[in-house]
Amino acid sequence: MKIIACYSNKGGVGKTATAVNLSYALADAGQRTLLCDLDPQGASSFYFRVKPSKKLTETKFFDDVERFTKSIRGSDYDNLDILPANMTFRDFDVFLSRMKNSRSRLKKALKAVKSDYDVILLDCPPNISTLSENVFSAADGIVVPVIPTTLSQRTFEQLEEFFREHDLPVNKLHAFFSMSQGIKSLHGQTMEEMRKAHKKRFLNTQIAFTSDIERMGVHRAPVIATSPRSAAAVAYRELHDEVMERLGKA
Amino acid sequence: MPFPSVPIFLVPAEALTAFAGATTGKLTKHMTRSEEDMPFALLDTFDETLRQSGMCLLQAGGELTLWTADGEVLTQTGVDQPAGFVADLAEGPVKLALACVPELRSLIPLAQGRLQTAQLALLDKEGKTQARARFHILTPDLGHRIAIAQLQGLRGYDKAFAQLQADLLGAGAVPYADRHPLIALLPEHAPYVAKPDLELEADATVFDTANAIIAAYLPVARQNEQGVVDDIDVEFLHDYRIALRKIRSVVSLFKGVYSDKQTERLKQRFSDLMAPTGRLRDLDVYLLERDFFFDLVPQSLHGGLERMFDMFAAERTVAHQKLAKHLKSKGYATEITKLVSLFEAPKRLHRGPDADSQAHDFASALIWKRYRKICKIAEAIDDQTEDEEVHELRIHCKKLRYLMEFFAPAFPAEEFKSLIKPLKKLQDNLGLFNDYSVQQDSLRAFLDGLGTDDHAGNMQLAQSVGALIAVLHQRQLGERQKVVESFQSFNSPETQQTFRDLFHGGEG
Ligand SMILES: Nc1ncnc2c1ncn2[C@@H]1O[C@H](COP(=O)(O)OP(=O)(O)O)[C@@H](O)[C@H]1O
Ligand SMILES: [Mg+2]
């Protein structure tokens, strides 16, 4: 089983859009996938039309195997389940380590309800500082959307810094350019610089700025599902292939 | 993610119309139907192996869909050819699940018509699907329209799923486990049964019993006629012949039931029905033995066998045409119809001196006599005994088996079974002995019948067949050596006691 986090220490960079489409692409490729909506705003739950669960705010939630499995919702798509938002983050690291341990009660309980996932995808909120270290160490890969601006460059460097300081392997970081705009030559320049400065950290795929992705809020479904032939859908599938290839080698 | 098993229901097709757009509580039913319909066929073997194992196989639009007994739904695409043998299907999940279909049986369409598909989703206020169903709507050419519904629950939406089930049941749906689609589509359908269950009164007379058996097996033979004519698979002719052979043995084994003249007359008429089928069945058997024969001789001799089987195959084509023509002839139709009506109203049959005996007593005497005869022959068999004697033993065992099967309803089932099982084992041994011997005879006859025009080819053939005969002879000797032992294990002290108890008042 693999854990993939969509993470950035900045908001509004495309984490949720990525998590929604990446989870869809994974499920579509036959991976039994659980998308955990960790953002209390519940954006990815919203895209899948799943109502945030009200009862998940209690502590010890992840300890309670039954409560946990009961709050999982099947999405409209095969192989894809959602763990809706609105949960406390306390014990989340415990949850992650249990998910990785095949002999844990949690894993056994999931197996019993045929939810032995191949991939767990985390849609992270921007500020999970208390938790981030645990998430980072549990995750097999961290997908980081980066808008090609000078400010984002700084933010990404801070993230790399954090990894080094905490002895976390930076090769878990898989950054990609998000919302890039061809007409802004500044974007092109920044991307070139950043690729040079952070060799190997950046994926080849870019998710350009398109209205198809903006409109996801109207359709309330992954763009790959609603406009499978759109440039955005093709790009997200490429992102999926590239991430999976990298994780396969890891 | 789907629930562990997919619940399947049969729904009256009319019920679906009411579903579209209907709301229950906070959920709305959203229905999408396929634009076009296409031809479908429900496939099974003639004897309905699939239905009997709770499976339902649908072919439509180049795709096979299989519903299994435990609610699984398997599909396999790229199936464009009409039904046939499972072995000829491309590899795939459906083929794997069809392993239960007997090798010799072909899949045939038992119901045909037009298929439409539809999807039903239970949507909440957010437009989220909370449960769904997929429908195969079948409109048969003749029969009732039904839909096979396959429900899918989504994790965390158990209530909606229960709601959907309740709605379907409310609309007259029946769980798949309770009714097979074939039966729902064709309520008049009478499944083929090769061994009809005979229900006999406890005080039935032998005359009634004989007539009942014959009246039950004549339709069995008749039901196989079309399959023989269409050459669907070899089992049609096999079953046809078994039905007639059973009838013939009733006539010959139930001595004194009919008058002598009547007995002779019936024997002749049924033998005449059997006669035209013999050669085709022989050829079917040879061709089925193909792989077995090839395995028996070294590769260097395969060329000759190849030649022989080509000749068999060519002859089979001719033999089949001949039999098909016969079965379609007016003369055959008249004769078989006459026989059917004769046994439907058996008053016209001439009774023999034992016609009014009680079936039970009559059977006991016959079975006991036959059993004693078998013991007598078997006890005399040793290494020196002529093969003829072993053949005799085989024939008596076969007759015993027929008698026991015919009269089974007149005896306690448990004890009967305890006798049939060891008898079957003995018969297997004797059967193989006989098969090897018959195979050698027919191979010799084949060699004798070869023309003289292709000398070189025939030499090659004779060599291969000669080697084959030698191997078969060895095999026959092997079976021959087992006979004494097989008989002893059949005729255990318990078997002896049961025979005495059941058929000879406990004495003997
Ligand atoms: N490639 C893109 N092109 C256009 N709009 C985008 C793109 N990616 C994300 N958006 C939009 O930007 C907003 C923020 O994206 P979101 O994925 O929610 O970011 P985050 O999860 O990082 O806060 C959303 O309205 C989303 O629809
Ligand atoms: Mg977000």
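Position labels on residues start from 1 in each chain and follow its written sequence. For naming, the first written chain is A and the first written ligand is 1, with later ones following in the order written. Predicted model: local features are reported for residues with pLDDT of at least 70 only, side-chain atom pairs are reported and counted for 80 or more only, and whole-chain, interface and lining totals are derived from all residues. Hydrogens and water are ignored here; the side-chain numbers use all heavy atoms of the structure.

Focus: empty space enclosed by the protein
Residue and element names in this part refer to chain A.
- Points on a 1 Å grid, built from protein atoms alone, make a cavity when a 1.4 Å probe fits but cannot get out and make a pocket when they are open with protein on both sides within 12 Å along at least 5 of 7 lines; residues with an atom within 4 Å of a point are the lining residues. Grid points are joined across faces, edges and corners, and a volume is the space filled by probe spheres set on the points. Considering all chains together, one arrives at five cavities of 30 Å³ or more under this definition.
- For the largest cavity, the calculated volume is near 80 Å³.
- Considering the residues around the largest cavity, the lining is formed by Ser8, Asn9, Lys10, Val13, Val144, Pro145, Val146, Ile147, Ser152, Thr155 and Phe156.
- When residues of the lining of the largest cavity are traced back to their parent elements, those giving at least two are strand S6 (141-146) and helix H7 (150-165).
- Three classes are used: nonpolar for Ala, Val, Leu, Ile, Met, Phe, Trp, Tyr, Cys and Pro, charged for Asp, Glu, Lys and Arg, and polar for all others, with Gly counted as polar. Partitioned by chemical class, the residues of the lining of the largest cavity number six nonpolar, four polar and one charged.
- Roughly 60 Å³ of volume is contained in the second largest cavity. By definition, any uninterrupted DSSP run of H or I lasting at least four residues is a helix, any uninterrupted run of E lasting at least two residues is a strand, and each is numbered from the N terminus.

Focus on the environment of Ala177(B)
All names here are of chain B.
- Tracing the backbone through its elements, the reader meets Ala177 in the loop between strand S11 (174-175) and helix H5 (181-185).
- Note on Ala177: relative accessible area 72%, which makes it exposed.
- Spatially, the C-alpha atoms of Ala177 and Arg307 are 50 Å apart, while their sequence positions differ by 130 residues. Type-normalised accessible area, obtained with a 1.4 Å probe on protein chains alone, sets the label of each residue: buried when under 20%, exposed when over 50%, and partly exposed for intermediate values.

Looking at the sheet that holds strand S5 (residues 119-123) of chain A
All names here are of chain A.
- Strands pair, by our definition, only if DSSP identifies at least two bridges between them. Taking strand neighbours across the sheet as the criterion, the eight strands line up as S3-S4-S2-S5-S1-S6-S7-S8 in an open arrangement whose pairing is mixed. With partners counted over all chains shown, the strands left at the sheet margins are strand S3 (73-74) and strand S8 (202-208), one partner each.
- In this sheet, S8 lies alongside strand S7 (residues 173-180) in parallel orientation, the contact comprising four bridges. Its bridge partner being in S8, Ser180 is matched across the sheet by Ala208.
- Here, two residues are considered to be in contact whenever any of their heavy atoms come within 4.5 Å of each other. All axes here are fitted lines through C-alpha atoms, helices being fitted over the stretch that makes contact, and every angle between N-to-C directions spans 0 to 180 degrees. In this fold helix H1 (residues 15-28) packs onto strand S1 (2-6), strand S2 (33-37), strand S4 (80-83), S5, S6 and S7, with an angle of close to 165 degrees to the strand it touches most, S5.

Comments concerning the interface of chain A and chain B
- Contacts between the two partners involve 21 residues from chain A and, on the opposite side, 13 residues from chain B.
- In this assembly, chain A packs against chain B so that about 1,400 Å² is buried in total across both faces, 44% of it on carbon and sulfur atoms.
- Salt bridges are counted wherever a side-chain nitrogen of Lys or Arg sits within 4 Å of a carboxyl oxygen of Asp or Glu. For the interface between chain A and chain B, the tally reads three salt bridges.
- Across the pair Asp76(A) and Lys128(B) runs a salt bridge, and its minimum N-O distance is 2.6 Å. Buried area is understood as the total, over both parts, of accessible area removed when two parts are fitted together, assessed with a 1.4 Å probe.

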